[in-house]
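Per-entry structural report
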Amino acid sequence: MPLFNTYDIVLAGGGTVACIIAGRLAQADPSLKILIIEAGSHSFNLHHHVQPARYLNSLVRGQAVSHHKSVPSDALGGRSVCVPSGRCVGGGSAVNFMIYNRPPASDYDDWEKLGNTGWGAKSLIPLAKKAESYQIPTNRPAMHGFTGPIKISHGGRHTNIGEEFLETAGQYDKDRKSSTSADTSDFHAVNVYGPWHKYIDSSTGKRSDTAHHFLYSLKNFNVDPNESKHNVHVITDRRVVKVIFENNRAIGVEYVAREDTDKESGSEPQVAYASRLVVLSSGAFGSPAILERSGIGSAQRLADAGIRQFVDLPGVGENYNDHNLCMIPFLAAEDSDCLDDIFSGDEEIIKPHLKEWQEQGSGLLAHNSVDAGIKLRPTPDNIKELGPSFKQTWEDFYAGAPDKPMAAMCVTAGDFSNSAPAGTKTFGIIFYTAYPQAIGSTHIGSATDPWAPLTFEPNFLDNPADLAVLRWCYKHCRELARRMKSFRGEVSAGHPKFSSVSNAKTVPCEGVKHADSPASGPVSIDAPKIVYSEEDDRAIDDYIKATVGTTWHSLGTCAMKPRAAGGVVDPRLNVHGVENLKVADLSIVPLNVAANTNSTALVVGEKAFLLIAEDLGISRNFKNIARTNLNGNRME
Ligand SMILES: Cc1cc2nc3c(=O)[nH]c(=O)nc-3n(C[C@H](O)[C@H](O)[C@H](O)COP(=O)(O)OP(=O)(O)OC[C@H]3O[C@@H](n4cnc5c(N)ncnc54)[C@H](O)[C@@H]3O)c2cc1C
């Protein structure tokens, strides 16, 4: 079936949220003509997407991601940070680390308190359940869904690194609970060490993303629109430049190829028309940029870019949120279950893992290295340790919100900070701030070229409270790591540069291959904690400023808030001031969430589908939808 002249709905961006919207709508009303225009390529059955442990390929080799480089920052000693986002059909869900983690219920309630009726936990938790098939035995079925398209499992095997982390934490950290059966993603758990599950289908060992489970699974869908017998069409490797309006009503979008991706059509703009709705689903970087190129944004920003203002919405591109992340590497015992060899990308080494994955859907290739973690909320003693720069934040933000953590921390069986000596076994501890107090912005760098770099200011660590949390987490993770049975030393290149006479100096492991000597083994559980001097604290701060990075959780840049409060969309996701134009992706999130963000993208996708279906008058078909996909992938 060739492309239609006009579609009912045109989606700009084919990422995580867009695939849910398109798949659900097509299922609810197969006669709907839906077009997705996606900047990246198809991800269908490609091994670097579907084989979970290959996820670093996308980041390291630049496949299927866009890199957004920030302006240099004083708070980071003049450094820029680079924030990748998904660029392929399936977006972030097809390239991410597959960590399954849901936020505290109060985060969604906070959205509703801003005037967003229908966006509180009571409305959204059922949608989170609808999206998922939880494949883990649970005695709390009320918290999870069991018939949705997205599969959640523990992956292809349990690693001893994950088990040791939980065991050590249970013995060492008496202020918190640790349990191998804890449900850390029940929208409430805080200060509980427990298993962290994965967006991996236990029956196949494959990544569970929205492209494969909402879009490619549609009956008769074909990645080539000319071959497709389906009404959902996807055009890849094209970027939407701007929205086309007739008076105040969105009627389509203009899009271009990158010159180097399509020699035939070059970068000549083309137009796709939508008779009923245009939906921007280009993520936290893409959607505000399309609005700005369409003349929707702050007067000053648009004037600077030489664009005539069409609608005054100063909030476009503001309210950039992420989480600030550090990865700390440790040397592991030789018998540790680590993914270092798979991360190396050497196909000879990967062969036996691949065989197990192909034959049984199990093993370390069906894994993301992350088996266990915790959302950390400080105790009264910790609050003192966090010092004066955190005090006000505690009082203003955390004290009255008992389900909100200040940070998340997890163990990785294998280190991907790239600072360990080659050929060694390693584990890492990753931690990130749950609600960074510093907020940033992203704006267009060109009025016409959607491939041009953005002017991106994430403002990481501009608020000293954020640095205090990361400093405390570094100390805490080190105490946990050096008590784990598999601990064999600290990879100094990935730690602060303490002075050689400091009490806090790292346990060396340089030049040691599989350092299984007792001298470099763990300390006892009741060993005294490392005492840090002020100079040591400065070394930690310098290290964090030099290395802190993104958690790949960009959101908030087209915030769902009242127009007068700097909002960009209303609670039905309609862009303020125009008609027939919605934004549906994580850019609409008005306030940050204390969790990895794919779970929230799933919720936004499910909610956006309901709103659009209501607008189109096809609500009557909803009831059939939750019952499908019990086991399989294909949605009839
Ligand atoms: C490397 C990485 C690791 C992550 N790890 C995890 C994890 O382990 N667990 C977790 O819960 N979350 C994780 N996340 C976050 C999570 O995946 C994202 O928050 C989520 O996928 C965002 O969904 P979205 O629909 O808002 O945007 P996206 O999924 O990013 O979709 C936006 C799409 O729009 C396209 N686009 C952009 N501009 C244009 C344009 N002008 N025209 C056409 N198309 C355009 C992009 O190519 C992209 O495909 C990770 C993200 C990344 C990038």
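All residue numbers refer to position in the chain's written sequence, counted from 1. Where local features are concerned, this predicted model is filtered to residues with pLDDT of at least 70; where side-chain atom pairs are given and counted, the filter is 80 or more; whole-chain, interface and lining totals use all residues. Side-chain numbers here rest on the full set of heavy atoms in the structure, without hydrogens or water.

- The protein chain appears in an unreviewed UniProt entry as GMC oxidoreductase-domain-containing protein from Lentinula aciculospora.
- Annotation of the protein chain in UniProt includes, under Sequence similarities (unreviewed entry), the sentence "Belongs to the GMC oxidoreductase family."
- UniProt annotates the protein chain under Cofactor (unreviewed entry) with the comment "FAD". UniProt positions are given in the numbering used here, feature names are shortened, and annotations may be inferred rather than shown by experiment.

1. Things to note about the site of the ligand
- Around the ligand, a shell composed of 37 residues is seen, among which Thr16, Glu38, Val240, Thr597 and Asn598 lie nearest.
- Any pair of N or O atoms that falls within 3.5 Å is considered a polar contact. Within protein, one atom must be able to donate a hydrogen and the other to accept it, and sequence-neighbouring residues count only if both atoms are side-chain atoms. Within the side chain of Thr16, one N or O atom sits 2.7 Å away from an oxygen atom of the ligand.
- Contributions of two or more residues to the shell around the ligand are made by helix 1 (16–28), strand 4 (82–86), helix 4 (91–95), strand 10 (238–246), helix 9 (283–293) and helix 17 (598–616).
- No other element matches helix 9, which puts four residues into the shell around the ligand. Proximity is defined per residue: any heavy atom of the residue falling within 4 Å of a molecule or strand makes that residue near it. Helix numbering and strand numbering both begin at the N terminus, where a helix is a DSSP run of H or I of at least 4 residues and a strand a DSSP run of E of at least 2.

2. Considerations on the UniProt feature "binding site: FAD" (unreviewed entry) in the protein chain
- Mapped onto this structure's residue numbering, the UniProt feature "binding site: FAD" (unreviewed entry) falls at Val240, Trp552 and His553.
- Using a relative accessible area of 26% as the deciding quantity, one classes Trp552 as partly exposed.
- Setting aside chain neighbours within four positions, we find Trp552 in contact with Leu59, Pro84, Phe97, Asp322, Leu325, Met327 and Thr597.
- Here His553 shows up in the loop between strand 22 (549–550) and strand 23 (581–583).
- In this description, contact between two residues means that some pair of their heavy atoms is separated by no more than 4.5 Å. His553 has contacts with Asn321, Asp322, His323, Tyr432, Ala595, Asn596 and Thr597, leaving out every residue within four places of it along the chain. To sort residues, take the accessible area from a 1.4 Å probe on protein chains only and compare it with the maximum for the residue type: under 20% means buried, over 50% means exposed, and anything in between is partly exposed.

3. Quick look at the pairing of strand 18 (residues 426–433)
- Most of strand 18 is tucked away: eight of the eight residues are buried.
- Both faces of strand 18 are covered, namely the face carrying Thr426, Gly428, Ile430 and Tyr432 and the face carrying Phe427, Ile429, Phe431 and Thr433.
- Here, any two strands with at least 2 DSSP bridges between them count as paired. Direction of pairing for strand 15 (residues 324–332) relative to strand 18: antiparallel, over a ladder of seven bridges. Each bridged residue has a counterpart across the sheet, and for Met327 the counterpart in strand 18 is Ile430.
- Alignment of strand 17 (residues 407–412) against strand 18, held across six bridges, turns out to be antiparallel. Bridge pairing in strand 18 links Thr412 to Gly428.

4. A look at helix 16 (residues 534–547)
- One fewer than the residue count of a helix, multiplied by 1.5 Å, yields its expected span. Helix length check: helix 16 (14 residues) gives 20 Å between terminal C-alpha atoms against 20 Å at 1.5 Å per residue, within 8%.
- Looking at helix 16, one finds that the buried residues are Asp536, Ala539, Ile540, Asp541, Tyr543 and Ile544.

5. Some points on the UniProt feature "domain: Glucose-methanol-choline oxidoreductase N-terminal" (unreviewed entry) in the protein chain
- Under the present numbering, the feature "domain: Glucose-methanol-choline oxidoreductase N-terminal" (unreviewed entry) in UniProt falls on residues 86–109 and 283–297.
- Helix makes up 42% of residues 86–109 and strand 4%, whereas the separation of the span's terminal C-alpha atoms amounts to 28 Å.
- Taken end to end, residues 283–297 is 73% helix and 13% strand, and its two terminal C-alpha atoms sit 17 Å from one another.

6. Section: the nonpolar core
- Each nonpolar core is a collection of buried residues, namely Ala, Val, Leu, Ile, Met, Phe, Trp, Tyr and Cys, held together in the definition by side-chain atoms within 4.5 Å. In terms of nonpolar packing, the biggest core is built from 102 residues, with Phe165, Phe390, Met409, Phe427, Ile429, Phe431 and Ile544 touching the most fellow members.
- Ranked by residue count, the leading element in this core is helix 15 (residues 464–481), at 11 residues.
- With residues up to four places along the chain from it excluded, the contact list for Phe165 reads Tyr193, Ala372, Gly373, Val411, Ile429, Leu480 and Met484.
- Counting residues in each nonpolar core, the second largest holds 82 residues, with Val89, Leu218, Val603 and Ile618 among its members.

7. Examining the packing of aromatic side chains
- In summary, the pairing rule links any two rings of Phe, Tyr or Trp, Trp by its six-membered ring, whose centres are within 6.5 Å, and it sorts them by plane angle into stacked for under 30 degrees, edge-to-face for over 60 and tilted for everything else. Applying the stated criterion across every chain yields a total of 27 aromatic pairs.
- With a centroid separation of 5.3 Å and an interplanar angle of 65°, the aromatic rings of Phe4 and Tyr7 are classed as edge-to-face.
- With 4.9 Å between their ring centres and 65° between their planes, Tyr108 and Trp111 make a pair best called edge-to-face. Taken together, the residues span about one helical turn, with Tyr108 and Trp111 both in helix 5 (residues 105–113) at a distance of three residues. Comparing Tyr108 with Trp111, the two get one shared label, buried.

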